[in-house]
Amino acid sequence: ESDLAQGIPGSTKYDLIVSNPPYYIGKTHRVPPRNYEKLIAHLESSASLSKFALEMKNALNPTRFSLGCWIQDYTEKDRLLDAIQDAGLEILRVCHLFHASIDPAPIRVLVSVCLPELRSKLSARSVQAVEDIILHPGSDVNSTTYDDEHESWMAKFPIPPFIIGRLRPDFQEPAD
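Calculation rules
Residue positions are given per chain, counted from 1 along the sequence in the order it is written. In keeping with the model being predicted, local features are shown solely for residues with a pLDDT of at least 70 and side-chain atom pairs are shown and tallied solely at 80 or more, while totals for entire chains, interfaces and linings include all residues. Side-chain figures throughout are based on the complete set of non-hydrogen atoms in the structure, without hydrogens or water. We define a salt bridge as a contact between a side-chain nitrogen of Lys or Arg and a carboxyl oxygen of Asp or Glu at a distance within 4 Å. Secondary structure elements are defined from DSSP: runs of H or I of at least 4 residues count as helices, runs of E of at least 2 residues count as strands, and each element is numbered from the N terminus. Burial classification: accessible surface area is computed with a 1.4 Å probe over protein chains only, and a residue below 20% of its type maximum counts as buried, one above 50% as exposed, and the rest as partly exposed. N or O atoms within 3.5 Å of each other form a polar contact, as long as, within protein, one can give a hydrogen and the other can take it, and as long as residues adjacent in sequence are counted only when both atoms are side-chain atoms. Using protein atoms alone on a 1 Å grid, points that fit a 1.4 Å probe yet trap it form a cavity, whereas open point sets bounded by protein on both sides within 12 Å along at least five of seven lines form a pocket; residues with an atom within 4 Å of a point count as lining. Grid points are joined across faces, edges and corners, and a volume is the space filled by probe spheres set on the points. Three classes are used, and their members are as follows: Ala, Val, Leu, Ile, Met, Phe, Trp, Tyr, Cys and Pro are nonpolar, Asp, Glu, Lys and Arg are charged, and the others, Gly among them, are polar. For the purposes of this section, nonpolar cores are sets of buried Ala, Val, Leu, Ile, Met, Phe, Trp, Tyr and Cys residues that join through side-chain atoms within 4.5 Å. Of all possible arcs, the one meant is that of the directions from the helix axis to the C-beta atoms. In what follows, a contact means two residues having at least one pair of non-hydrogen atoms within 4.5 Å. Here, axes are lines fitted to C-alpha atoms. For helices the fit covers the stretch in contact, and angles between N-to-C directions go from 0 to 180 degrees. Should an angle lie under 35 degrees it is considered roughly parallel, over 145 roughly antiparallel, and from 65 to 115 roughly perpendicular; all remaining angles are considered oblique. We call a crossing left-handed when the near helix sits turned anticlockwise from the far one by less than a right angle, and right-handed when that turn is clockwise.

S.K.: Before we move on, can you summarise the pattern of salt bridges with the specific residues and values?
M.R.: Here the idea is simple: oppositely charged side chains can pair when their charged atoms come close. Applying the stated criterion across every chain yields a total of four salt bridges. With its nearest N and O atoms 2.9 Å apart, the salt bridge here joins glutamate 55 to lysine 51. Of the two residues, glutamate 55 and lysine 51 are both situated in helix α2 (residues 49-59); the distance of four residues between them amounts to about one turn of the helix. The salt bridge involving glutamate 76 is made with arginine 79; its shortest N-O contact spans 2.6 Å. Under the relative-accessibility criterion, glutamate 76 is labelled buried at 11%. Overall, arginine 79 belongs to the partly exposed group, its relative accessible area being 23%.

Written out as structure tokens, the structure reads:
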């Protein structure tokens, strides 16, 4: 763990970096989380989005096809894309993430990037496609059910012992 404002320590290069940086500058988001930890995790502090992008570029492995992936609040999409391009990263794909099929606007944007010198190793087709991903198909905006394929995949994982910020009331320690 380190403060990103000080840079990523060491000279290790990575093949995959996933970034879920703080979404907002100051208190500019819709409804601030009531939980203090979630609130500070949503707000930029010592490192800006541009700093995250620059650190990603410096930490990606230039000798192999390495990939950077971002998830960001959709309202911050333009700022994210600007930070990525200003850092000199190549945008491969942009996906708009919707909660439900009937949502009027995406809730998040997913972006994949690579180093510009590795872009030439990809096929000549345009990879900067924009796609829509719908988490919960159907017309119920309160749905928490995924499509059958994703429900089946997720059923293979154990139920986490917590509900954000607290233990589940039905959680029991696994037997040794």
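Structure's up, so let's keep going.
S.K.: Lay out the side chain of glutamate 76 with the relevant residues and their values.
M.R.: Residue placement: glutamate 76 occurs in the loop between β2 (67-73) and α3 (77-86). At a separation of 2.6 Å, a polar atom in the side chain of glutamate 76 contacts the side chain of arginine 79.

S.K.: Account for the layout of surface pockets, naming residues and giving values.
M.R.: It is the rolling of a water-molecule-sized probe over the atoms that shows where space remains empty. Size it by volume and the largest pocket reaches roughly 510 Å³. Looking at the lining of the largest pocket, the elements that each hand over two or more residues are β3 (90-100), β4 (108-114), β5 (129-136) and α5 (148-154). Here the element with the most residues in the lining of the largest pocket is β5; it accounts for four residues. When grouped by side-chain class, the residues that make up the lining of the largest pocket number 11 nonpolar, five polar and two charged.

S.K.: Help me get a handle on the nonpolar core, residues and values and all.
M.R.: Counting residues in hydrophobic clusters, the biggest one holds 20 residues, and the most contacted among them are Trp70, Ile84, Val111 and Val113. At the level of secondary structure, the elements contributing two or more residues to this core comprise α2, α3, β3 and β4.

S.K.: Which residues make up α3, and what are the values?
M.R.: For an α-helix the count is 3.6 residues per turn, leaving residues at separations of three or four pointing the same way. Every buried residue of α3 is accounted for by Lys77, Leu80, Leu81, Ala83 and Ile84. Projected onto a plane normal to the axis of α3, the buried residues spread over an arc of 160° and lie on a single side. In α3, the exposed residues that point more than 90 degrees away from the buried face are Asp78 and Asp86.

S.K.: Describe α2, naming the residues involved and giving the relevant values.
M.R.: Taken together, the buried positions of α2 are occupied by Leu49, Ala53, Glu55, Met56 and Ala59. Projected down its long axis, α2 shows its buried positions confined to an angular sector of 165°, all on one face. Packing partners of the buried residues in α2 comprise β1 (16-19), β2, α3 and β4.

S.K.: Account for the packing of α2 against α3, with residues named and values stated.
M.R.: Closest axis-to-axis distance for the α2/α3 pair is 8 Å, and the angle between their directions is 40°. As far as their axial angle goes, α3 and α2 are oblique. Judged by the sense of rotation from one axis to the other, the crossing of α2 with α3 is right-handed. Between α2 and α3, the contacting residues are Leu49, Ser50 and Ala53 on the first element and Arg79, Leu80, Ala83 and Ile84 on the second.

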